[in-house]
Amino acid sequence: MIDPSIPGRLTAADPDLSERQRRVFARLVALHRRDARPVSAERLARTGGLRQGASLRGTLGELEGLGLLERSHASAGRVPTAAGWAFFVRALVEPVALPSAVEDAVAERLSESRHDVERLLQEASRLLATFSSQLGLALAASLEDERLEALALERIGERRVLMLLGFEGQRARHVALELDTPLDRDALAEVTDVLRGELVGGTLAEARVRLATDPVLARHAAVRIVARAATARWARGVDTPLLTAGLAHIAGQPEFAAGGRLAPVLRELESGSAFERLMVSGVQGHAGVRVGVSPAEATASLSLVSFPLPGAVHGAVGVLGPMRMDYAATLALVDLVGSRVSEMLTA
């Protein structure tokens, strides 16, 4: 699974563009975003403020050679590739401030649903759809059947311990435990070794049962102390279906004007699992972009901007739309909504 693209986080494979290459690439991206049409050298010179000629055509050829642009045939205009859009997000997207009216509306509407997780997430998806004019997504996903790949205990107070659980795809959860008996660092290190040996490799559901009932774990006095705290604090995770809003927005995009192009996307959304795994993967508490959601034809031309929720609820909010979406504004919106949802879930 490819890591999401985040503005400012370049990769070793990203090209080092000259100033002219960056300018030409940025102008072509801006023109293509307007109407989804391929951009010719003539159009770029006419409306992009660039001088037409062999130099411009040469620069476009260089960008095509770097894998940032493509065209359907030799005389056609060019469009950004999926790799080009991902590079654009990492190298050229600048942070933007959302209007205060949007921030106020998000805070007010989410606060009305803060006591019900599913209602809160449904409202988040509606807000994302409304203010992005794309498809808004949200979910709380259960980790019960996921296998533990890592486990650590960190002392954060005399009777407080942070349990860190790692899963496939860089996903992690943390649970603050209140111990009924203090444990020093050596005892905690011993408990960590025992729990890693007994629980890592099994599912989260199995770990939950074993902490509460396994006589092997109960033989260790220090392990019993941590197990009691985990059993008392480690509530079963919230689980919701993939919640969506704003289908009319995505249906009205030029990319879906041709008959039959939207139905496969809807089938992918209905199945849910692929989108759920993509949404919750990545950096918790930070919005990121997956350009070209999957190799499948239905979603290869789409981008997913998602915010994996930090804290006790394993879930995410996000926006799904064409690769030419306004990434700066969408990232700011997803980051805002995700941060507010996280605050309300941990309040």
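Just so you know, these numbers come straight off a predicted model, no measurement behind them.

Attention now moves to the pairing of strand β9 (residues 302-308). Both faces of the sheet carry side chains from a regular strand, because those side chains alternate between them. Extensive coverage of β9 is indicated by the burial of seven of its seven residues. Burial along β9 is two-sided: the residues Leu302, Leu304, Ser306 and Pro308 and Ser303, Val305 and Phe307 are all buried. As paired strands, strand β8 (residues 288-291) and β9 are joined by four bridges and run antiparallel to one another. Paired with glycine 288 across the two strands is serine 306, which belongs to β9.

What follows is about the pattern of salt bridges. If you walk through the whole model with that rule in mind, you get 15 salt bridges. A salt bridge links aspartate 326 to arginine 33; the shortest N-O distance between them is 3.7 Å. Taken together, the positions of aspartate 326 in the loop between β10 (315-322) and α14 (327-346) and arginine 33 in helix α1 (residues 19-35) put the pair 293 residues apart, joining distant regions of the chain. Exposure remark for aspartate 326: the relative accessible area of 36% places this residue in the partly exposed category. Linking arginine 37 and aspartate 35 is a salt bridge whose minimum nitrogen-to-oxygen distance equals 3.0 Å. Among the charged side chains, a network of salt bridges with common partners joins Asp35, Arg37 and Arg43.

It is the contact of α1 with helix α4 (residues 82-91), at a shortest axis distance of 12 Å, that shows an interaxial angle of 110 degrees. With respect to their mutual orientation, α1 and α4 come out roughly perpendicular. Two packed elements cross with a definite hand, and for α1 against α4 that hand is left-handed. When α1 is examined against α4, the residues Arg22, Phe25, Val29, His32 and Arg33 are found in contact with a partner set consisting of Gly84, Trp85, Phe87, Phe88 and Ala91. Along the lines of polarity and charge, the residues of the contact of α1 with α4 split into six nonpolar, two polar and two charged.

We now examine the packing of helix α6 (residues 117-132) against α14. Angle between the axes and distance between the axes are the two parameters that describe a pair of packed helices. Where α6 contacts α14, the axes come no closer than 10 Å and their chain directions differ by 165 degrees. Classified by the interaxial angle, the pair formed by α6 and α14 is roughly antiparallel. The chirality of how α6 crosses α14 is right-handed. Between α6 and α14, the residues in contact are Val117, Leu120, Leu121, Ala124, Leu127, Leu128, Phe131 and Ser132 and Leu333, Val334, Val337, Val341, Met344 and Leu345, respectively. Looking at side-chain class alone, the contact of α6 with α14 contains 13 nonpolar, one polar and no charged residues.

Strand order across the open sheet formed by five strands is β7-β3-β10-β9-β8, with antiparallel pairing between neighbours. Single-partner strands in this sheet number two, and they are β7 (243-245) and β8. Across this sheet, the average inter-strand angle for adjacent strands is 20 degrees, counted without regard to direction. Sheet topology places β9 next to β10; seven bridges connect them, and they run antiparallel. Bridge pairing links leucine 304 to leucine 320 in β10.

This part covers helix α5 (residues 100-111). In this model α5 runs 17 Å from its N-terminal to its C-terminal C-alpha over twelve residues, within 8% of the 16 Å that 1.5 Å per residue would give. Taken together, the buried positions of α5 are Val102, Ala105, Val106 and Leu110. The arc enclosing the buried residues of α5, seen along the axis, measures out at 115 degrees, which places them on a common side. Facing away from the buried side of α5 by over 90 degrees, the exposed positions are Ser100, Ala101, Asp104 and Glu108.

A contiguous patch of negative charge, built from Glu103, Asp104, Glu108 and Glu112, is present on the exposed surface. Mapped onto the elements, glutamate 112 comes out in the loop between α5 and α6. What makes glutamate 112 exposed here is its relative accessible area of 54%.

All right, on to the environment of glutamate 19 then. As for its placement among the helices and strands, glutamate 19 is situated in helix α1. A sequence separation of 56 residues divides glutamate 19 from serine 75, and the C-alpha atoms of the two residues are 26 Å apart.

Reading the values: the criteria
Residues numbered from 1 in each chain as written. Predicted model: local features only at pLDDT ≥ 70, side-chain atom pairs only at ≥ 80, totals over all residues. Heavy atoms only, no water. Buried < 20%, exposed > 50% of the residue type's maximum accessible area, 1.4 Å probe, protein only. Helix = DSSP H or I, 4+ residues; strand = E, 2+ residues; numbered from the N terminus. Pairing = 2+ DSSP bridges. Salt bridge = Lys/Arg side-chain N within 4 Å of Asp/Glu carboxyl O. Axes fitted to C-alpha atoms, helices over the stretch in contact; angles between N-to-C directions. Parallel < 35°, antiparallel > 145°, perpendicular 65-115°, else oblique. Left-handed = near helix turned anticlockwise from the far one by under 90°. Contact = heavy atoms within 4.5 Å. Nonpolar A, V, L, I, M, F, W, Y, C, P; charged D, E, K, R; others polar. Expected span 1.5 Å × (residues − 1). Arc of directions from axis to C-beta. Patch = residues over 30% accessible without salt bridge, like charges linked within 9 Å, V, L, I, M, F, W, Y side chains within 5 Å. Areas by Shrake-Rupley, 256 points an atom, 1.4 Å probe, with all protein chains shown as cover. Lys, Arg positive; Asp, Glu negative; His and termini not counted. Charge placed at Lys NZ, Arg CZ, Asp CG, Glu CD.

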